[in-house]
Amino acid sequence: MTIGPGPIYEVTFFIDDDAIAALDLWLEQHARESLRLAGIADCRIFPIANDEHGRGGRVCQHVLETDEALDEFVDGAGADIESSITAAFGDAVNVSSRILREDAAP
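For the structure given in this document, a descriptive report is provided here.

Okay, the overall build of the protein chain next. Summing up its helical and strand segments, the protein chain has three helices and four strands in all. Computed over the C-alpha atoms, the radius of gyration of the protein chain is 14 Å, within 12% of the 13 Å expected from 2.2 N^0.38 for a compact globule of 106 residues. Along the first, second and third principal axes, the C-alpha set of the protein chain runs to 45 × 30 × 20 Å. Put simply, the protein chain has 106 residues, and 38% of those count as buried. Intrachain contacts of the protein chain at a sequence separation of at least 6 include 72% that bridge at least 24 residues.

Right under this line is the structure:
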């Protein structure tokens, strides 16, 4: 038995300090748009420690309702995140993603 809503698609961003405010605005808009998509239970954004190059860090977690919703998101809107952010910020941003799943409770 799990206690969470579903899998999480997590995207981590590291960006030059002079662009961090613009990234925060981009992420707020992205979160609002994500919450309108079917299968998204939540979208949360929070700051993380700077990387080894001193770039500001942000994490965006998309909480999906089911594995099927995750598959649809990864093939659709999730696939567009990196290209959209690169188009907006170019080389100023570094993006990585991963899928997190809750372990079953004993």
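Next comes the rest of the description.
One finds Phe 13 and Ile 15 to be the most contacted residues of the largest nonpolar core, which totals 22 residues. Sorting the residues of this core by element identifies strand 1 (8–15), helix 1 (20–35), strand 2 (40–48), strand 3 (56–64), helix 2 (67–75), helix 3 (77–89) and strand 4 (93–100) as the ones contributing at least two each. Among all residues touching Ile 15, those that are not within four sequence positions of it are Ile 20, Leu 23, Arg 55, Gly 56, Phe 89, Ala 92 and Val 93.

Scanning the entire structure with this criterion turns up zero disulfides. For the unlinked cysteine Cys 43, the closest cysteine sulfur is that of Cys 60, found at 3.6 Å.

All right, on to the sheet that holds strand 2 then. Note on sheets: strands pair through backbone hydrogen bonds, and any given pair is parallel or antiparallel. An order of 2-3-1-4 is seen for the four strands of this open sheet, with the pairing classed as antiparallel. Bordering the open sheet on either side are strand 2 and strand 4, each of which pairs with just one other strand. Pairwise comparison of adjacent strand axes, ignoring direction, gives a mean angle of 15 degrees for this sheet. Two elements, strand 1 and strand 4, share eight bridges in a ladder whose sense is antiparallel. In the strand pairing of strand 4, Thr 12 is matched with Ser 96. Together, strand 1, strand 3 and strand 4 form the strand contacts of helix 3, whose direction differs from that of strand 1 by roughly 15 degrees.

Now for the pattern of salt bridges. Inspection of every chain in the model, using the stated rule, returns four salt bridges. Between Glu 10 and Arg 98 there is a salt bridge; the shortest N-O distance is 2.6 Å. Remark: Arg 98 occurs in strand 4 and Glu 10 occurs in strand 1; sequence separation between them is 88 residues. By relative accessible area, Glu 10 is classed as buried at 6%. Accessibility expressed as a relative area gives 48% for Arg 98, which makes it partly exposed. Two residues, Arg 55 and Asp 51, come together in a salt bridge whose shortest N-O distance is 2.6 Å. Judged by relative accessible area, Asp 51 falls into the buried class, the value being 11%.

Conventions we followed
- Along each chain, residue indices are assigned from 1 in the same order as the chain's sequence is written.
- pLDDT decides what is reported in this predicted model: residues at 70 or higher carry local features, side-chain atom pairs at 80 or more are listed and counted, and totals for whole chains, interfaces and linings draw on all residues regardless.
- Hydrogen atoms and water are omitted, and side-chain values are computed over all heavy atoms in the structure.
- For helices the rule is a DSSP run of H or I covering at least 4 residues; for strands it is a run of E covering at least 2, with both sets numbered from the N terminus onward.
- Using C-alpha atoms as the atom set, the radius of gyration is obtained and then compared with a globule rule of 2.2 Å times the number of residues to the power 0.38.
- Partly exposed residues are those whose accessible area sits between 20% and 50% of the maximum for their type, while under 20% is buried and over 50% is exposed, using a 1.4 Å probe and protein chains only.
- In this analysis, two residues are considered to be in contact whenever any of their non-hydrogen atoms come within 4.5 Å of each other.
- We call a set of buried Ala, Val, Leu, Ile, Met, Phe, Trp, Tyr and Cys residues a nonpolar core when their side-chain atoms join them within 4.5 Å.
- Two cysteine sulfur atoms make up a disulfide if the distance between them is within 2.5 Å.
- Any two strands are treated as partners once DSSP identifies two or more bridges connecting them.
- Only C-alpha atoms enter the line fits that serve as axes; for helices the fit covers just the stretch in contact. Angles between N-to-C directions range over 0 to 180 degrees.
- Between Lys or Arg on one side and Asp or Glu on the other, a salt bridge is scored when a side-chain nitrogen of the former is within 4 Å of a carboxyl oxygen of the latter.

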